[in-house]
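Given next are the chains, with one letter for each unit.
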Amino acid sequence: MLDKTQIAKRIAREVKNGQYINLGIGIPTLVANYIPENLEVVLQSENGLLGIGPFPTEDKIDPDLINAGKQTITMVKGSALFNSSDSFAMIRGGHVHLTILGAMEVSENGDIANWKIPGKMVKGMGGAMDLVASAENIIVAMQHCSKDGQSKLLKECSLPITGIKCVKKIVTDLAVLDVLPEGGFKLLERAPGVTVEEIVSKTEGKLLVEGEIPEMVFD
Amino acid sequence: MLDKTQIAKRIAREVKNGQYINLGIGIPTLVANYIPENLEVVLQSENGLLGIGPFPTEDKIDPDLINAGKQTITMVKGSALFNSSDSFAMIRGGHVHLTILGAMEVSENGDIANWKIPGKMVKGMGGAMDLVASAENIIVAMQHCSKDGQSKLLKECSLPITGIKCVKKIVTDLAVLDVLPEGGFKLLERAPGVTVEEIVSKTEGKLLVEGEIPEMVFD
Amino acid sequence: MITKTVTNAAEAVRDVVSDSVLMFGGFGLCGIPENCIQALLQKDLTGLTCISNNAGVDDFGIGLMLKKRMVKKMISSYVGENAEFERQLLSGELEVDLIPQGTLAERIRAGGAGIPAFFTPAGVGTEVAEGKEMREFDGKMYLMEKGLKADFAFVKAWKGDTAGNLIFKGTARNFNPMMATAGKITIAEVEELVPAGQLDPNHIHTPGIYVQRIFQGVDYEKRIEQRTVSKG
Amino acid sequence: MITKTVTNAAEAVRDVVSDSVLMFGGFGLCGIPENCIQALLQKDLTGLTCISNNAGVDDFGIGLMLKKRMVKKMISSYVGENAEFERQLLSGELEVDLIPQGTLAERIRAGGAGIPAFFTPAGVGTEVAEGKEMREFDGKMYLMEKGLKADFAFVKAWKGDTAGNLIFKGTARNFNPMMATAGKITIAEVEELVPAGQLDPNHIHTPGIYVQRIFQGVDYEKRIEQRTVSKG
């Protein structure tokens, strides 16, 4: 099983040189720490910044500089600031290449649910609906099952959905999977110590397992 | 009969304190010279400037600073620069209070034609269609008749129109007229030496003449 | 140049009445019009509709207006930081219209820009699409969304001049510039108010045409929601 | 940070082919990408569609491309300064789509912003409305207009950095920022190219994400169309 750090590390391997990337709140934010240093990439924050840097040291904290998770941040050299409509113009226009975000459920056709639990949680969708409707590549970081063991990789989402047919790849605590264009999850890699059988048993949606499934290796 | 300068002077009297104003090419540009100095107004140029100043002296010419007529200009204190979509957002959103522009024809219901003469002239509409579709108050500066004596204040425009039911007031070489909301020109003032009869005979569209029509006075 | 200066927040909000539609700039607590919110709290207002990306926190920002029951309806994209909000919502005391953040931003821009409606892919296939016109362009489905305006827009900038021109700092810009365009009356509070002519016209984010009143704010708290530091 | 620098205009336009759709920033001759136009004139191109507010003058700017018969179609709002243009148009050698200036600007912004269509009042009741969907909102009529994109967008800025961030000067900004967002490949030429980190992020007009290639231009003529002076 992968911990949150390992999920972030594994997702970081998907990042390609020259990409503009939007990282969601939670595990996706951690991905920034593991992007190989030889890659030139730029992180976008939908509240109005291209070029997110590391968290500030205590003396560099600026209340006028936060990310979409409301965390204090810094800017790298070559950053640009803009307003919210310009930020989502950038997202909606397909200029951001990769979006990494969390999910409560993903369906076998790539639908994602991550914004609402009826009667329980009403936080709002924030920018997630715009992001999933726009980015050409969407990678989801999530737990494979709920705390009571129910699969979160489903035939159909049970929760109100955030976007349809948009998720391309999923990294869970158990596995790396592609969402196939024709529907269905395709198993690509197993977490260390996790068997194919366990992944099969914990995936409710259609799962394709072809040939040997390699185990992920971490340094 | 008014000359161009007098038409501009007369229109300048319509300007109110606190207005943002767009001036078209030609006579409207001259209006800027006659706005009373005690009024606080701001001139907008649709190519991206709020706060047009006087033409520059020879040593202050800047090729990167022109008005919509491509003339070199200066900026007043408190100016702001912006791009073309932001400029027309400003215009379309009704933030510019007054538009003054030239016309080839105006109809009695306030239609204006000023962008095209089929088979003869194909310069394009520039920003005129956006301006007349958007401003709450539109004043037209024009000649009452064509060179061969045909009225340009018509029942219906004969040329391709720029906008419908938009002109509120007209200042010609002969008269000042309102365009009534229910249709028809209402004669307000005569040019010095011009009789009501002459104006009546030179106005093809419906003309309302009520009571004594005062003659304009210029200093 | 037209002068927009007023003395302080109380004078700026003098004619805000109950049942008005208000917009508030800010993302979380970053770039919110703190002085205007305080001045509104001093007034006896109810039935307000507030358009703001977030709803503040329990004891700061718009959260204080919710606590005082001034707000009938919130139009926002994310309200997760406010427990009182969640309580009023679940109990039915508060109407809430949740809108995708990019759609909210673009609807406000459209409202200010004289664009009555536009198409966006955000929300297609979700409950956000319910009751909305759908249309396909180039093989992709879109929703029609409408422009949004307000009776008053409250924005916070870093620097401003007496002509109403505004410059924002960092990510405190966020929704402020669009909201400035969409208020019938736009009230700007700034950290530093300078005479017209002192700001470089090339650097202005919000031209003064959009601002009806401007004042220099006082005592900015600029509360941080997620103070996150690295060891350096 | 991602680096976008190329050596010069020739390298920047290397893969522009005949029959492409091109956008050119500028208003009249103010803020036009002079270097890119010169480099395109060196190539053997025909059948181009050019989107530009104006069409240059007979012997400068896009006018030179018209003279060389590189252009099949112009999409513009005002072309009054160019006699060769008028001749080609009246003779039927050139297709022309004339669009209200605000609609042109907004269509380009929409193209870059993933908005396939929007409504505007400009052109209602005129020949511009022919064949377009009309709709009433709040008692006023509007036309539906569609987003506009290009294979290549050529823009000219005052300053730029190696990350592609751009700052414009004066009214030379005009159509450049929207066009930068609407090109599949956007090529920026600047008067001064600096390393990433030297431009204030608060002052950037076009974020580098929109720019695929950037170079420092040479020998700017900046021709003035209407040299107008006052006696001071």
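Since we're looking at a predicted model, the values are computed, not measured.

J.: It is not clear to me how the interface of chain D and chain B should be interpreted in this structure. Could you clarify?
T.: As a measure of interface size, the accessible area lost when the parts come together is often cited. Each partner contributes to the interface: chain D provides 51 residues, whereas chain B provides 47 residues. Where chain D abuts chain B, roughly 4000 Å² becomes buried across the two surfaces, and 59% of that area is made up of carbon and sulfur atoms. When the buried area of chain D at its contact with chain B is split by residue, F27, T171 and T228 of chain D rank highest and sum to 15% of it. Residue E58 of chain B is joined to R227 of chain D by a salt bridge in which the shortest nitrogen-to-oxygen separation is 3.1 Å. Inspection of the region where chain D meets chain B yields 25 residue pairs in polar contact (both at pLDDT 80 or more). At six residues, helix α5 (residues 101-112) of chain D tops the list of elements feeding residues into the side of chain D that touches chain B. Counted by class, the side of chain D that touches chain B contains 20 nonpolar, 18 polar and 13 charged residues.

J.: Would you mind showing me how to read the packing of helix α3 (residues 84-92) of chain A against helix α5 (residues 101-112) of chain C here?
T.: How two helices sit against one another is set out by the angle between their axes and by the gap between those axes. Look at α3 of chain A against α5 of chain C: their axes get within 8 Å of each other, and the N-to-C directions meet at 125 degrees. One finds that α3 of chain A runs oblique with respect to α5 of chain C. The handedness of the crossing between α3 of chain A and α5 of chain C is left-handed. Residues S84, S85, F88 and R92 of chain A of α3 of chain A touch α5 of chain C, and the partners they reach there are Q101, G102, A105, E106 and R109 of chain C.

J.: Would you mind going over α3 of chain A with me for this structure?
T.: All names here are of chain A. The buried fraction of α3 is high, at eight of nine residues. When we look at burial in α3, the residues that qualify are S84, S85, S87, F88, A89, M90, I91 and R92. Here α3 starts with a cap whose side-chain oxygen sits 3.0 Å from the backbone nitrogen of S85, and that cap is N83. Following α3 by one or two positions, G94 has its phi on the positive side, about 80 degrees.

J.: For this particular structure, what's the right way to read helix α2 (residues 34-41) of chain C?
T.: Think of an α-helix as turning once every 3.6 residues; residues three or four places apart then point the same way. Residues and elements named next belong to chain C. Burial analysis of α2 places seven of its eight residues in the buried class, which makes it a mostly covered element. Regarding α2, the residues found buried are E34, N35, C36, I37, A39, L40 and L41. Tucked into the core, α2 has its buried residues touching α1 (9-12), β1 (21-24), α3 (62-67), β8 (150-161), β10 (183-194) and β11 (213-216).

J.: Any chance you could explain the environment of I224 of chain D here in plain terms?
T.: Within the secondary structure, I224 of chain D is located in the segment after β11 (213-216). Along the chain, I224 of chain D and G28 of chain D lie 196 residues apart, while their C-alpha atoms are 9.0 Å from each other. Setting aside residues up to four positions removed in sequence, I224 of chain D forms contacts with I61, P63 and T72 of chain B.

J.: What is the right way to read the pattern of salt bridges from this model?
T.: Proximity of charged atoms lets side chains of opposite charge pair with each other. According to the stated counting rule, one finds 51 salt bridges over all chains in the structure shown. The salt bridge involving R109 of chain C is made with E106 of chain C; its shortest N-O contact spans 4.0 Å. Linking R109 of chain C with E106 of chain C, this pair stays in helix α5, spanning three residues, or about one helical turn. Classification of R109 of chain C as buried rests on a relative accessible area of 8%. Taken together, the salt bridges that share partners define one network made up of D62 and D64 of chain A together with K156, K169, E191 and K222 of chain C.

J.: Would you take a moment to explain the relation of the copies chain C and chain D for this structure?
T.: Comparison of the two chain copies shows a relationship of rotation about an axis with a shift along it. Aligned on chain D, chain C shows an RMSD of 0.0 Å; the corresponding rotation is 180 degrees and the shift along the axis is 0.0 Å. What the superposition gives is, in effect, a two-fold axis relating one chain to the other. Closest approach to the rotation axis within chain C is made by the C-alpha atom of F118 of chain C, at a distance of 2.0 Å. Comparing contact sets, 100% of the residues at the interface of chain C also lie at the interface in chain D, consistent with an isologous, same-surface contact.

J.: What am I meant to see in the environment of G147 of chain D here?
T.: Residues and elements named next belong to chain D. Along the chain, G147 falls in the loop between β7 (140-146) and β8 (150-161). For the pair G147 and A113, spaced 34 residues apart in sequence, the C-alpha to C-alpha distance is 8.6 Å. Dropping the residues within four chain positions of it, G147 is found in contact with R107, A110, G111, I115, P116 and A117.

J.: Teacher, can you tell me more about the packing of aromatic side chains here?
T.: One pass over the full model with this rule turns up nine aromatic pairs over all chains. Note on F119 of chain C and F137 of chain C: the rings are 5.1 Å apart at their centroids and 65 degrees apart in plane angle, and the pair reads as edge-to-face. A residue pair is termed long-range when its members are at least 10 positions apart, and F119 of chain C in strand β5 (residues 117-120) and F137 of chain C in strand β6 (residues 134-137) qualify at 18 residues. Geometrically, the ring pair formed by F119 of chain C and F119 of chain D is tilted, given 6.3 Å between the ring centres and 40 degrees between the ring planes. With F119 of chain C in strand β5 and F119 of chain D in strand β5 (residues 117-120), this pair bridges two chains. F119 of chain D gets classed as buried once you look at its relative accessible area, which sits at 0%.

J.: Help me understand the sheet that holds strand β7 (residues 112-113) of chain A in this model?
T.: Strand pairing in a sheet relies on backbone hydrogen bonds, with the paired strands running either antiparallel or parallel. All names here are of chain A. Taken together, three strands build an open sheet; the order of strands is β7-β6-β9 and the sheet is mixed. Single-partner strands in this sheet number two, and they are β7 and β9 (153-154). Looking at chain direction, strand β6 (residues 105-107) and β7 are connected through two bridges and run antiparallel. Across the sheet, E105 pairs through a bridge with A113, a residue of β7.

J.: Sorry if this is basic, but what is going on with empty space enclosed by the protein here?
T.: Sizing a probe to match a water molecule and rolling it over the atoms shows the empty space that remains. Under the criterion given, the structure shown has twelve cavities of 30 Å³ or more. Quantified by volume, the largest cavity comes out at close to 780 Å³. The wall of the largest cavity is formed by 42 residues, among which N83 and D86 of chain A, N83 and D86 of chain B together with H205 of chain D lie closest to the centre. Those elements giving two or more residues to the lining of the largest cavity turn out to be α3 of chain A, α3 (84-92) of chain B, α5 and α6 (176-182) of chain C together with α5 and α6 (176-182) of chain D. Residues of the lining of the largest cavity, tallied by class, amount to 20 nonpolar, 16 polar and six charged.

J.: Teacher, can you tell me more about the interface of chain C and chain D here?
T.: Each side of the interface is counted separately: chain C has 23 residues, and chain D has 23 residues. Across the chain C/chain D interface, buried area totals approximately 1800 Å², and carbon plus sulfur atoms make up 52% of it. When the area that chain C buries against chain D is broken down by residue, the three leading residues are P116, F119 and N202 of chain C, summing to 28%. Residue E133 of chain D pairs with R135 of chain C through a salt bridge whose shortest N-O separation is 2.7 Å.

J.: What should I look at first to understand the sheet that holds strand β9 (residues 153-154) of chain B in this one?
T.: Residue and element names in this part refer to chain B. Judged by pairing direction, the sheet is mixed, and its three strands sit side by side in the order β7-β6-β9 without closing on themselves. With one partner strand each, in any of the chains shown, β7 (112-113) and β9 form the two edges of the open sheet. In terms of strand pairing, strand β6 (residues 105-107) meets β9 through two bridges, oriented parallel. Across the sheet, the residue bridging to S107 is L154, located in β9.

What counts as what
- Residues numbered from 1 in each chain as written.
- Chains lettered and ligands numbered in written order.
- Predicted model: local features only at pLDDT ≥ 70, side-chain atom pairs only at ≥ 80, totals over all residues.
- Heavy atoms only, no water.
- Contact = heavy atoms within 4.5 Å.
- Buried area = accessible area lost by both parts, 1.4 Å probe.
- Salt bridge = Lys/Arg side-chain N within 4 Å of Asp/Glu carboxyl O.
- Polar contact = N/O pair within 3.5 Å; in protein donor to acceptor, adjacent residues only side chain to side chain.
- Helix = DSSP H or I, 4+ residues; strand = E, 2+ residues; numbered from the N terminus.
- Nonpolar A, V, L, I, M, F, W, Y, C, P; charged D, E, K, R; others polar.
- Axes fitted to C-alpha atoms, helices over the stretch in contact; angles between N-to-C directions.
- Parallel < 35°, antiparallel > 145°, perpendicular 65-115°, else oblique.
- Left-handed = near helix turned anticlockwise from the far one by under 90°.
- Buried < 20%, exposed > 50% of the residue type's maximum accessible area, 1.4 Å probe, protein only.
- Least-squares fit on C-alpha atoms with pLDDT ≥ 70 in both.
- Phe/Tyr/Trp six-rings, centres within 6.5 Å; stacked < 30°, edge-to-face > 60°.
- Pairing = 2+ DSSP bridges.
- 1 Å grid on protein atoms, 1.4 Å probe; cavity = no way out; pocket = protein on both sides within 12 Å on 5 of 7 lines; lining within 4 Å.
- Points joined across faces, edges and corners; volume = space filled by probe spheres on them.

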